[in-house]
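Topology and contacts: notes
The residues making up each chain are set out below.
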Amino acid sequence: MHSPELNDLFTLLRFASVSTDSKHNADTRAAADWLAAKLNRIGMAAVIHETPGHPVIIAKNKHLEGRRTVLLYGHYDVQPAEPYTEWRTPPFEPTIVGDRIMCRGATDNKGQLMAHVCGLEKTLREEGDLPVNLICLFEGEEEIGSPNLKPFLEAHRDELKCDVVAISDTGMVAAGVGTFTYGLRGIACCEVIARGPSIDLHSGIWGGAVANPATMIARLVSTLHDAEGKVQVPGFYDAVRLLADWERDSWKKLGDTASETLELTGSPELFGEAGYTELEQRWARPTAEVNGIGGGYQGEGSKTVIPREAFAKFSFRLVPDQQPDEILAAVEAHLKVHQPPGIRLEVKLGHTGFPYLMDPFSPFGLAAQRALETTFGGKPALIREGGSIPIVQAFKDVLGVDTLLLGLALPDCQAHAPNENFPIANFEAGMVLNQHLLRELAK
Ligand code: BES
Ligand code: ZN
């Protein structure tokens, strides 16, 4: 028998709410319906708002004059679980292995979100009210770049008016070490398609006389970096803000992370932009990544074919003060300059999200740090993260408020990967953190 809190988390985890995949639309919807009903049951009046995509949930306690208003954000959508064969337990059936819950979404973000919801439930049950006016804003499109949430914020600006936002959707530097994240990288995505012959061709009959789209995609990909890993798109680094001195000193205290990264990633060796530490490369430097590349025969054995088309999918991680739209424009121009011969090139621009940086020593930042200290003991680690939460900078732009990122994930929770997991201890600490955080923010 599990605790009632764990049972609730398990129920949410069983919905395969994969936002990017329309065959999971009904599951995503069911997750939103269940979550809204759960919020209503604990005394948070919840409303489901339709969007052109997956719904947004807003839930509030009774708001009283003269109290702080805190907006708690989270996402109930998850990344696809593929490849299924790599999972040791069923991806959408939460399973306890040792002291961890295994399931897609366990850490990103259902476990972290439900820790807060269960923390609210406990306070509401024990004290009849929360110490602040609370707004829960839960969405189902974070993993696809939150395309409908910024317009939603703009349309519900008054209803969402608050003093500060809090999110648990980032990491901890190690088990038991409270971690405050004051910066996130942004993101800009695009896709290139190289189209050659109108049909797949026999590579013996025609090869030599026409361009091979797969070769040409490889040529394009190879223009993105130099041999040392520096991005070659003109202007790419122009707006990059340098690391502050206090950050460099503070990150040094985290020790040598290179060996941990080697171990966790399983890569044979580290490779990154020269002249920067491993942490700087992941947290404070922008990157260009190929997330997918394809074209031609993928089956067993060989097939002598010139594919009619090939593609690559790119994402660029951005840091302050890079502008996602400017980066995409620079990338598009770069790809056109390097347009290989013999193919037609299509560049499809994708979703974007701004990087984020706040002052961790602001009054709300210090309140968050105190809540982490009370929950975990010891001074919290102050870090940036390499991942992106696209809506965070929009909270600043539209609502004018900072976002406190109080992560509960461990480096080996395998977010987005097979065997994603979340320690039960972190789920329980998250409930306690929610209670301390609201108390600190109320002061
Ligand atoms: N929870 C992550 C973001 C994250 C992970 C921040 C680890 C810091 C540390 C979030 O759910 C996520 O995966 N975001 C996507 C956004 C993208 C699809 C627009 C990301 O970073 O790839
Ligand atoms: Zn994610």
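Reference entry: report on the structure contained in this document. (Residues numbered from 1 in each chain as written. Chains lettered and ligands numbered in written order. Predicted model: local features only at pLDDT ≥ 70, side-chain atom pairs only at ≥ 80, totals over all residues. Heavy atoms only, no water.)

**Here's the deal with the coordination of the zinc ion (ligand 2)**
Put simply, the rule reads: Metal coordination here is assigned from N, O and S atoms located within 2.8 Å of the ion, or within 3.2 Å for Na, K and Ca; omission of water means that sites may look incomplete. Any coordination sphere not matching a tetrahedral pattern (four donors, all angles between 85 and 135 degrees) or a square planar or octahedral pattern (four or six donors, opposite donors over 155 degrees apart, other angles between 65 and 115) is reported as irregular. For the purposes of this entry, the term helix denotes a DSSP run of H or I that reaches at least four residues, the term strand denotes a run of E that reaches at least two, and both are numbered from the N terminus.
Every protein donor of the zinc ion (ligand 2) is listed here as Asp108 (OD), Glu143 (OE), Glu143 (OE) and His416 (NE2), and their distances to the metal cover 1.9 to 2.7 Å. With six donor atoms in place around the zinc ion (ligand 2) and angles of 53 to 156° between them, the coordination shape is irregular. Along the chain, the residues that donate to the zinc ion (ligand 2) are spaced as D-x34-E-x272-H. With Asp108 in helix α3 (residues 106–127) and His416 in the loop between β17 (403–406) and β18 (421–423), this residue pair connects regions lying 308 residues apart in the sequence.

**Focus: the environment of His63**
Note the cut-off: Buried residues are those whose accessible area, probed at 1.4 Å on protein chains only, stays under 20% of the maximum for their type, while exposed residues exceed 50% and partly exposed ones sit between those limits. Any two residues having at least one pair of non-hydrogen atoms within 4.5 Å are treated as being in contact. Within 3.5 Å is the distance limit for a polar contact, defined as a pair of N or O atoms, with the added protein rule that one can donate a hydrogen and the other accept it, and that residues adjacent in sequence qualify only through two side-chain atoms.
Here His63 shows up in the loop between β2 (56–60) and β3 (69–75). Using a relative accessible area of 31% as the deciding quantity, one classes His63 as partly exposed. For the pair His63 and Leu130, spaced 67 residues apart in the sequence, the C-alpha separation amounts to 9.7 Å. Residues in contact with His63, not counting those within four places in the same chain, are Thr69, Asn133, Leu134 and Ile135. From its side chain, His63 meets the backbone oxygen of Leu134 in a polar contact 3.0 Å long.

**Some words on the sheet that holds strand β5 (residues 100–102)**
Here is the rule: Two strands qualify as a pair provided that DSSP identifies no fewer than 2 bridges between them. Structural elements are reduced to axes, namely lines fitted to C-alpha atoms, with helices fitted over the stretch in contact, and the angle between N-to-C directions of any two is expressed from 0 to 180 degrees.
Strands sit in the order β4-β5-β18 across an open sheet of three strands; the sheet is antiparallel. Pairing within the sheet leaves two strands with one partner each, and these edge strands are β4 (95–97) and β18. Pairs of neighbouring strands in the sheet enclose a mean axial angle of 30°, with direction left out of account. Alignment of β5 against β18, held across three bridges, turns out to be antiparallel. Paired with Met102 across the two strands is Asn421, which belongs to β18. Strands in contact with helix α1 (residues 4–14) are β4 and β5; relative to β5, the strand with the most contacts, it is inclined by about 20°. Against the sheet, α3 engages β5 and β18, with an angle of about 40° to β18.

**A look at a nonpolar patch on the surface**
For clarity, the threshold we go by: Patches were defined on residues exceeding 30% relative accessible area and lacking a salt bridge, with like-charge contacts within 9 Å and nonpolar side-chain contacts (Val, Leu, Ile, Met, Phe, Trp, Tyr) within 5 Å. What sets the accessible areas is the Shrake-Rupley method with a 1.4 Å probe; for residues, cover comes only from the shown protein chains. In the sections that follow, a salt bridge refers to a side-chain nitrogen of Lys or Arg positioned within 4 Å of a carboxyl oxygen of Asp or Glu.
Together, Ile205, Trp206 and Val210 give the surface a local cluster of nonpolar side chains, amounting to about 320 Å² of exposed area. Examined against the element boundaries, Trp206 turns out to sit in the loop between β10 (201–202) and α5 (213–222).

**A few points about unusual backbone geometry**
For residues other than glycine, phi is negative in most cases, and the peptide bonds are mostly trans. With an omega of 10°, the peptide bond between Asp108 and Asn109 qualifies as cis. As for its position among the elements, Asn109 is in helix α3. The omega torsion of the bond from Pro320 to Asp321 falls at 0°, within 30 degrees of zero and hence cis. Structurally, Asp321 can be placed in the loop between β13 (309–318) and α9 (324–337). Positive phi, normally seen in glycine, also occurs at Ser146, with a value near 50°.

**A few points about the packing of aromatic side chains**
In plain terms, the rule: Any Phe, Tyr or Trp ring, taking Trp's six-membered ring, that has another such ring centre within 6.5 Å forms a pair; planes under 30 degrees apart are called stacked, those over 60 apart edge-to-face, and the others tilted. Cation placement over rings: the criterion is NZ of Lys or CZ of Arg within 6 Å of the ring centroid and within 35° of the ring normal.
Considering all chains together, one arrives at seven aromatic pairs under this definition. Between the aromatic rings of Trp251 and Trp283, the centroid separation amounts to 5.1 Å while the plane-to-plane angle is 90°, which identifies the pairing as edge-to-face. Highlighted residues: Trp251 in helix α6 (residues 245–252) and Trp283 in helix α8 (residues 278–283), separated in sequence by 32 residues. Here Trp251 and Trp283 have matching classes, each one buried. Among the aromatic side chains, those forming a connected cluster through ring pairs are Phe236, Tyr237, Phe314 and Phe316. Directly above the ring of Tyr237 sits Lys230, whose terminal nitrogen or CZ lies 5.0 Å from the centroid.

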